[in-house]
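Geometric and topological summary
Here's the letter readout for the chains.
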Amino acid sequence: MHGNRLLLSPGLVFAGGVAATAAWLVALLFFRITDESGLIIAGASGALGGLGGMIGALWQNYTTRHTQEYIAQQEHQAKHDPLTGLFNRNALFTELEHSIARARQTDTVLGVLFLDLDRFKVINDSMGHEAGDELLRIVAERLEGTVRGGDLVARFGGDEFVVVCRDLLSEQSVLAVAKQILKSFTEPVSLYGGAQVISTSIGIAIARPDDTRRSDDLVRDADAAMYKAKKAKSGYAVFDEVQRLQVIDRLDIERDLVQALEMEQLVVFYQPLIDVEGKRLYGFEALVRWNHPTRGLIGPGDFLPVAEETGMMARIGELVLREACAQAAVWNHLSPDAQGVKMGVNIAEQQLLDGNFPYLVADVLEWSGLPPAQLVLEITENVIVDHLAGLSILRDIRDLGVTLAIDDFGTGQSSLSYIKQFDMVSTLKVDKTFVDDMGSGVNRAIIEAVVAMARALDLQVVAEGVESEHQVKELLDFGVHIMQGYLFNRPVAGDAIDPTSWFISRDHSIAAPIDPGAPGLSSTQVSRAFTGTLDHTRARPKRLG
Ligand code: C2E
Ligand code: MG
Ligand code: MG
């Protein structure tokens, strides 16, 4: 094969031809002009010329071939994943861009399938990285063996693969490929002697010939559909119009949120917690809102998940903490009756993961002058359970004299006895779902058990989401007397709460006349108004002494 290529090389044939022609011309010239010796010289010089030409051509051929092989090897490496030999992420986007152009020209349908293996992390962690690599190689082989000849398989990264189905006549054909892939996964994989059943979730984006999406849009949409499939445990899911709008919305929120922080669009609202038995104001919960320039007031449920995913939660959390402590300290200043009133602030997972968080809390307390006993940090049950390692952080916070509350209690996976471990927690906020459905036997039993356990552990119980007089009565019967809910007040802006009427002793079990419409000052505005009376010079948290 090697030799054949050499013999057939056009460069070699050409060089040989040139050398032979030159030798013939020289021989002819000498034969005509001189005698036999001339003929010998002519023959020899011709042969030498021919040989030189051959060697030159051979050398050229050799170097060209090696350069070409080297370039081809480099090109292959740049385009392929070293583990599986499939196209890599970069090559996928290039190839997909070509495929989109071709689908438009040929009026055909294109399908992009985004695959994510379901239990890959478990296998990788329990059996080791080599087993994980082997599994990825097997999956790559299976995919290549399942898709049609013209289709493209790429490893997107980690345990994610992308299949591009080209030249299809209908959308149904894309689904058929997805089903075929799922079927190929039903057969167990033999991994180091043991049979492993693996499964995958597939998200599908389908591009019709008139589709205007580019390669990264299609992969992003297929990825979003994959999450839908994973969540629904449905095997595969197709990206649809509703999802498209959600993705665009999410991208808009992500873009605007960066500016929201700089442009002081985040505001903090306060919802009262009422001690119904004592007929007094027990405290407030600080709840963040986004005063969006075009969309109006946006609730935390619509932007905090984006903030968490994009790593902005710690900044937002610090802003709310500063604002809420500053606001409570202002009220303390304006009314002596405000001084025992608690201020609850929600703490997100990302904030707790930062080892410096206790120092930040200490700094904010010192900066605002709020007595630590008035601050309550609310942490959801799941976050506490997921981060047992973070317990030392919680102890540090408790040691500052701050109260810790478990929020949305009853919605997570923790058992009642488990809560005993959290000796630094002193308040339980029972989730609205239980308050809503106290009529059901199970919920009654749970609330009864929670209250009994809370008493035994000396915990304060707060009921969230109280909306009716009937619920108030039932909760009082259970022994729960601190309540928060629309029945008393919706969350309102800080400047809608008049400290002269709010903090004087009066019957707070009757909703106070406050204006819920006021958008309020931005967090930074309240904090700025505050700098006049307080030392606001330290921007960085200091270390606890
Ligand atoms: P959460 O901490 O459990 O706050 C209580 C939520 O229940 C608030 O919703 C409040 O407006 C709502 N609520 C109170 N009473 C009633 C009622 O009677 N009926 C109904 N239907 N709802 C009631 P919101 O303000 O939308 O906040 C939702 C969640 O967002 C909060 O749940 C909290 O987990 C999170 N969140 C809000 N602000 C912050 C923040 O600054 N930081 C962090 N990390 N999370 C926050
Ligand atoms: Mg809360
Ligand atoms: Mg809650």
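Now for a look at the structure at hand. The model shown is predicted, which means the values in this text are computed figures rather than measured ones.

1. Concerning the packing of aromatic side chains
This structure, assessed with the given rule, holds nine aromatic pairs. For the ring pair Tyr270 and Trp331, a centre distance of 5.4 Å and an interplane angle of 70° mean the geometry is edge-to-face. With Tyr270 in strand β8 (residues 266–275) and Trp331 in helix α11 (residues 313–334), this residue pair connects regions lying 61 residues apart in the sequence. Residues Tyr270 and Trp331 agree in their burial class; the two are buried. Between Phe284 and Phe503 the ring centres are 6.1 Å apart and the planes differ by 70°, which places this aromatic pair in the edge-to-face class. Taken together, the positions of Phe284 in strand β9 (residues 280–292) and Phe503 in the loop between α20 (499–502) and α21 (523–530) put the pair 219 residues apart, joining distant regions of the chain.

2. Observations regarding the coordination of the magnesium ion (ligand 3)
At 1.9 to 2.6 Å from the magnesium ion (ligand 3) lie its protein donor atoms, namely Asp407 (OD), Asp408 (OD), Glu464 (OE) and Glu464 (OE). The sequence pattern formed by the donor residues of the magnesium ion (ligand 3) is D-D-x55-E. Taken as a pair, the magnesium ion (ligand 3) and the magnesium ion (ligand 2) show a spacing of 3.9 Å, with Asp407 coordinating each metal.

3. Quick look at the coordination of the magnesium ion (ligand 2)
Of the protein atoms, only Glu285 (OE), Asn346 (OD1), Glu378 (OE) and Asp407 (OD) coordinate the magnesium ion (ligand 2), at distances of 2.0 to 2.2 Å. Each donor residue of the magnesium ion (ligand 2) belongs to the same chain, and together they define the spacing E-x60-N-x31-E-x28-D.

4. Notes on the environment of His292
Counting through the fold element by element, His292 comes out in strand β9. One polar contact links His292 to Asp256, side chain to side chain, over a distance of 2.9 Å. Within the local environment of His292, its side chain forms a polar contact with the backbone nitrogen of Thr294, the two atoms lying 3.1 Å apart.

5. A look at the pattern of salt bridges
The full count for this structure, using the stated rule, is 33 salt bridges. The residue Arg148 makes a salt bridge to Asp151 at a minimum N-O spacing of 2.7 Å. We note a salt bridge from Asp436 to Lys432, for which the minimum N-O separation is 2.9 Å. On the criterion of helical spacing, the pair formed by Asp436 and Lys432 is a turn pair, its members being four residues apart in helix α17 (residues 432–436).

6. Here's the deal with the site of ligand 1
Around ligand 1 sit 23 residues, and of these Glu285, Arg289, Asp407, Glu467 and Tyr486 come closest. For ligand 1, an oxygen atom lies 2.8 Å from a polar atom in the side chain of Arg289. Summarising the interface, the protein chains cover 79% of the accessible area of ligand 1, which totals 790 Å² for the free molecule. Applying the majority rule of atoms within 2 Å of the grid points places ligand 1 in the largest pocket. Every element with two or more residues in the shell around ligand 1 is listed here: β9, α10 (300–309), α11 and β13 (403–409). Ranked by residues supplied to the shell around ligand 1, first place goes to β9 with four residues.

7. Some words on the pairing of strand β12 (residues 375–380)
Along β12, five of the six residues are buried, which leaves the element largely enclosed by surrounding structure. The pairing of strand β11 (residues 342–346) with β12 spans four bridges and is parallel. Bridged to Gly344 within β12 is Val376.

8. Looking at the nonpolar core
Counting 85 residues, the largest nonpolar core has Phe284, Val345, Leu375 and Leu377 as the members making the most contacts within it. Top contributing element to this core by residue count: α11, with nine residues. The residues contacting Val345, other than those within four sequence positions of it, are Ala286, Val320, Leu321, Ala324, Leu375, Val376, Leu377 and Glu378. Core analysis: the second largest hydrophobic core is formed by 33 residues, Val163, Leu175, Val177 and Val189 among them.

9. Points about the environment of Leu143
Mapped onto the elements of the fold, Leu143 is located in helix α6 (residues 129–146). For Leu143, a relative accessible area of 0% gives the class buried. Residues Leu143 and Phe161, spaced 18 residues apart in sequence, show a C-alpha to C-alpha distance of 9.1 Å. Other than its neighbours up to four places away in sequence, Leu143 contacts Leu115, Val153, Phe161, Val163, Ile181 and Phe185.

10. Some points on α6
Its 18 residues place the ends of α6 25 Å apart at the C-alpha level, agreeing with the 26 Å of an ideal helix rising 1.5 Å per residue. Among the residues making up α6, those that are buried are Ala131, Gly132, Leu135, Leu136, Ile138, Val139, Ala140, Arg142 and Leu143. Where α6 is buried, its residues touch β1 (109–117), α5 (120–127), β2 (152–157), β3 (160–168), α7 (171–185) and β4 (189–191).

11. Things to note about the layout of surface pockets
In this structure, the largest pocket spans a volume of roughly 940 Å³. If you trace the largest pocket, you find 38 residues lining it, with Glu285, Leu287, Pro300, Asn346 and Asp407 closest to the centre. Of all the secondary-structure elements, those providing two or more residues to the lining of the largest pocket are β8, β9, α10, α11, α12 (349–352), β12 and β13. Broken down by class, the residue content of the lining of the largest pocket amounts to 17 nonpolar, nine polar and 12 charged. Its boundaries defined by the atoms lining it, the second largest pocket holds a volume of some 770 Å³. Every residue lining the second largest pocket is counted, 23 residues in all, and those nearest its centre are Ala224, Gln246, Val247, Arg250 and Glu309. When the residues that make up the lining of the second largest pocket are grouped by side-chain class, the tally is 11 nonpolar, three polar and nine charged. Structurally, the lining of the second largest pocket is a two-domain feature, drawing no fewer than three residues from each of domain 2 (89–239) and domain 3 (249–495).

12. Structural notes on the pairing of β3
Two faces, one strand: in a regular strand the side chains alternate between the faces of the sheet. Burial analysis of β3 places eight of its nine residues in the buried class, which makes it a mostly covered element. Pairing between β1 and β3: seven bridges, direction antiparallel. In the sheet register, Leu113 faces β3, and the bridge partner there is Val163. The loop that links β2 with its antiparallel partner β3 comprises two residues; one of these, Gly158, has a positive phi angle of about 50°.

13. Here we look at helix α19 (residues 469–478)
Every buried residue of α19 is accounted for by Gln471, Val472, Glu474, Leu475 and Phe478. Check the buried side of α19 and you find it contacts α17, α18 (441–456), β15 (460–463) and β16 (482–483). Residue Gly479 follows α19 closely and has a positive phi angle near 95°.

14. A short note on the sheet that holds β3
Pairing in this open sheet of five strands is mixed, and the strands run β2-β3-β1-β6-β7 from one edge to the other. Lying at the two open borders of the sheet, with one neighbouring strand each, are β2 and β7 (236–238). Taken over all neighbouring pairs, the strand axes of this sheet differ in orientation by 20° on average, direction set aside. Looking at chain direction, β2 and β3 are connected through five bridges and run antiparallel. The residue bridging Leu152 from the neighbouring strand is Val164, located in β3. Here helix α8 (residues 215–232) sits on the sheet in contact with β1, β2, β6 (200–207) and β7, set at roughly 140° to β6.

The rules we used
- Residues numbered from 1 in each chain as written.
- Chains lettered and ligands numbered in written order.
- Predicted model: local features only at pLDDT ≥ 70, side-chain atom pairs only at ≥ 80, totals over all residues.
- Heavy atoms only, no water.
- Phe/Tyr/Trp six-rings, centres within 6.5 Å; stacked < 30°, edge-to-face > 60°.
- Helix = DSSP H or I, 4+ residues; strand = E, 2+ residues; numbered from the N terminus.
- Buried < 20%, exposed > 50% of the residue type's maximum accessible area, 1.4 Å probe, protein only.
- Donors = N, O, S within 2.8 Å, 3.2 Å for Na, K, Ca; no water.
- Polar contact = N/O pair within 3.5 Å; in protein donor to acceptor, adjacent residues only side chain to side chain.
- Salt bridge = Lys/Arg side-chain N within 4 Å of Asp/Glu carboxyl O.
- Near = heavy atom within 4 Å.
- Areas by Shrake-Rupley, 256 points an atom, 1.4 Å probe, with all protein chains shown as cover.
- 1 Å grid on protein atoms, 1.4 Å probe; cavity = no way out; pocket = protein on both sides within 12 Å on 5 of 7 lines; lining within 4 Å.
- Sits in = over half its atoms within 2 Å of the grid points.
- Pairing = 2+ DSSP bridges.
- Core = buried A, V, L, I, M, F, W, Y, C linked by side-chain atoms within 4.5 Å.
- Contact = heavy atoms within 4.5 Å.
- Expected span 1.5 Å × (residues − 1).
- Points joined across faces, edges and corners; volume = space filled by probe spheres on them.
- Nonpolar A, V, L, I, M, F, W, Y, C, P; charged D, E, K, R; others polar.
- Domains from an automatic or database assignment.
- Axes fitted to C-alpha atoms, helices over the stretch in contact; angles between N-to-C directions.

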